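Results of the structural survey
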Amino acid sequence: MLAIQITKASLLICFFFILWYLLYEQNKLFLTGEQANNTETLTEVHLSSPSTLSSNITLNTINNNDSIENPLNELKELNKRYCGNPTCKFLFVYNFGEQETKANLHFRSFSQLAEKLNRTMILTNVGSSQISVCQNFSFNLYYNVTLLKKEFPNVLYKSEDDFILWLKERDQIKNKLNNINNNEVIPPLSILHSNLRRYDITSETIYRNVKPVVSLSECLSKFGPFMNLTDPNNSRVKYTIMDITKFDLKTEQSRAKFSKLLIDDLSVNEEILLVNSYVLDPLFPVIMPVIPYNDYILNEAQKLKEKLSSSYIGIHWRLEQSRPELLPECAQGLIITLNKIMKEEGIENIYLATDYPLLSSSSQSDTFTKITNYHHDAIRMLNETFKINTWVSLGGLEQLRKNEKYDTEFIGPGIQGILDKLVCVNSNYFIAGPKGCSRILSTFTKAIADERSNRLDSGLLNVIDRWKIPL
């Protein structure tokens, strides 16, 4: 009987234990679910609370930046490839305003400016004895770019073709990045267009803002659609002009003062400094050496010298500003002078550099258009008296002349002017025309004389003489 009672008590205890356990587990499950619900609610409140909303947007922006970081890096890498820096700043003088001898001088001045402004300088195209965006040939047709870089080791140079590639790639990255974000993340090109000109009317140099220039060179259109100065969605352009008094460029001291003003005025943030130049004179106190010509032209000059037996009289006769009715007397005076030099110095060969037509009816100068019988008669007199050699008669630049690509280069002024200059520099004796027979203030003639003055110890017989008109 006692055993049965113990068993009943044990069963009752087990029953209550099981009941307690079930109630405990149910309560635990309920508490866990409530905590979970509370956690969800807290999370929802946290995400929508004003204090944390900006943080969430920042996170979203960061995520978006992750998606645009690559294009931004692409732009930086593009600039590093072309300019060596995450940001490109170019100096592009698209027109130098004068023929090769003077343009050569001006290009050196602007190379100095590029160095001072820490800008990459564009090697403007060449052709027809000019450095201009309107020409068809790369800069290295005339010049030795490797030696130029040695003259200006702190200036980074890029060709027009390089510039076009940069414009194109920048435009692609801009479109890609802006389309992803439906926003102007990369703005249009920033450009400062400036006309620099010597303006003799003014008594002091003036730099000022001007209205947009509507008469821009049509040749700039070749950079479209990647650089379009009339499309504000493509380029944001500011326009300025600098009228430079001749007195500011006259002496080394005045140029030192002017160059500081120039640097200050053109120290701007625009990506592209676009310059149309007609300044006539050096811009800086120090005048750098002539840009070295390319090896092909130098070799051609040496070939012509050898064909002349390395002993010859060089003549520069620019007929353009002569008095036509005086030309027969001019020719007679030249003949007398040549006979005298040939007899005294024992020189037999003559080389003539001239703007008179040699290959066609066109002169060797863009501005020499009115050719009269006086001009023809003067050259005929010379040819009937001596064997006159020219770059044409000696077969100069034959390789280029056989290539149709360069046909336009030999109609009027062109690369042959550089060849003439080099041959005259190397001549044993050099003469040029007097007043009335020739242009006296010829930069071409002066460049020859300047170079010869540095070579007198190499056996040259003179620097420059001018023949006289017989009385």
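The numbers attached to residues start from 1 for each chain and follow its sequence in the written order. Whole-chain, interface and lining totals are the exception, using all residues; otherwise, since this is a predicted model, local features are given only for residues with pLDDT of at least 70 and side-chain atom pairs are given and counted only at 80 or more. Water and hydrogen atoms play no part in the side-chain values, which are based on all heavy atoms of the structure.

For the record, the criterion: UniProt positions are given in the numbering used here, feature names are shortened, and annotations may be inferred rather than shown by experiment.
If you look the protein up in an unreviewed UniProt entry, it shows as GDP-fucose protein O-fucosyltransferase 2 from Rhizophagus irregularis. What UniProt records for the protein under Pathway (unreviewed entry) is the sentence "Protein modification; protein glycosylation."

**Focus: the nonpolar core**
Put simply, the test is: For our purposes a nonpolar core is just a set of buried Ala, Val, Leu, Ile, Met, Phe, Trp, Tyr and Cys residues, chained together by side-chain atoms within 4.5 Å. A 1.4 Å probe rolled over the protein chains alone gives each residue an accessible area, and that area as a share of the maximum for its type sets the label: buried under 20%, exposed over 50%, partly exposed in between. Counting from the N terminus, the helices are the DSSP runs of H or I reaching at least four residues and the strands are the DSSP runs of E reaching at least two. In this analysis, two residues are considered to be in contact whenever any of their non-hydrogen atoms come within 4.5 Å of each other.
Ranked by internal contacts, the top residues of the largest apolar core, which has 62 residues, are Phe107, Phe110, Leu113, Phe139 and Tyr351. No other element matches the 7 residues that helix α11 (residues 415-425) contributes to this core. Excluding residues within four positions of it along the chain, leucine 113 makes contact with Leu91, Leu262, Ile263, Leu266 and Phe284.

**Regarding the sheet that holds strand β14 (residues 465-466)**
Selection criterion: Between any two strands, pairing holds if DSSP finds at least two bridges. Each axis is a line fitted through C-alpha atoms, taken for helices only over the stretch in contact, and angles between the N-to-C directions span 0 to 180 degrees.
Taken in spatial order, the 5 strands of this open sheet run β12-β11-β10-β13-β14, and their pairing is parallel. On the outer flanks of this sheet lie β12 (388-389) and β14, each paired with one strand and no other. Across 2 bridges, the pairing between strand β11 (residues 349-354) and β12 is parallel. Bridged to isoleucine 350 within β12 is isoleucine 388. Along the sheet, α11 contacts β10 (312-317), β11 and β13 (429-432); its crossing angle with β11, the most-contacted strand, is approximately 145°. Where helix α12 (residues 443-453) meets the sheet, it contacts β10, β13 and β14, and its direction lies at approximately 155° from that of β13.

**Points about the environment of lysine 149**
Considering the arrangement of structural elements, one finds lysine 149 in helix α4 (residues 145-151). On the accessibility criterion, lysine 149 (41% relative accessible area) is partly exposed. Along the sequence, lysine 149 and isoleucine 291 sit 142 residues apart, while their C-alpha atoms lie 9.8 Å from each other.

**Quick notes on the pattern of salt bridges**
Under the convention used in this document: The term salt bridge refers to a pairing of a side-chain nitrogen on Lys or Arg with a carboxyl oxygen on Asp or Glu at a separation within 4 Å.
Taken as a whole and judged by the stated rule, the model has 22 salt bridges. Arginine 81 is the salt-bridge partner of glutamate 169, the closest N and O atoms lying 2.7 Å from each other. A residue pair is termed long-range when its members are at least 10 positions apart, and glutamate 169 in helix α5 (residues 160-181) and arginine 81 in helix α2 (residues 50-83) qualify at 88 residues. What makes arginine 81 exposed here is its relative accessible area of 51%. Ionic pairing is found between aspartate 377 and arginine 380, a salt bridge with its closest N-O pair at 2.5 Å. Of the two residues, aspartate 377 and arginine 380 both sit in helix α9 (residues 373-385), 3 residues apart, roughly one turn of that helix. When its relative accessible area of 33% is taken as the criterion, aspartate 377 is described as partly exposed. Taken together, the salt bridges that share partners define one network made up of Arg197, Arg208 and Asp243.

**Some remarks on the confidence of the model for the protein**
Applicable threshold: pLDDT runs from 0 to 100 and stands for how confident the predictor is about each residue.
Mean pLDDT for the protein: 86, with 85% of residues reaching 70 or above. Here residues 1-7 is a poorly scored stretch, pLDDT under 50, and it has 0 contacts once near neighbours within four places are set aside; other chains count. Across residues 23-68, where pLDDT falls below 50, the model places 7 contacts with residues more than four positions away in sequence or in other chains.

**Things to note about the state of the cysteines**
Heads up, the rule is: Throughout, disulfides are identified as pairs of cysteine sulfur atoms within 2.5 Å of each other.
According to the stated counting rule, one finds 3 disulfides in the structure shown. The disulfide partner of cysteine 330 is cysteine 437, and the S-S distance across this bridge is 2.0 Å. With the S-S dihedral at roughly -85°, the linkage between cysteine 330 and cysteine 437 falls on the left-handed side. With cysteine 330 in helix α8 (residues 327-345) and cysteine 437 in the loop between β13 and α12, the pair connects residues that are 107 residues apart, well separated along the chain.

**Comments concerning the pairing of β10**
Test applied: Seen with its strands pointing away from the viewer, a crossover is right-handed if its path from the first strand over the helix to the second goes clockwise.
Burial of β10 is extensive: 6 of the 6 residues sit out of reach of the surface. Across 6 bridges, β10 lies against β11 in parallel orientation. Paired with histidine 316 across the strands is alanine 353, a residue of β11. On the question of chirality, the crossover connecting β10 to the parallel β11 by way of α8 is right-handed. Pairing geometry for β10 and β13, over 4 bridges, is parallel. Looking across to β13, one finds that histidine 316 is bridged to alanine 432.

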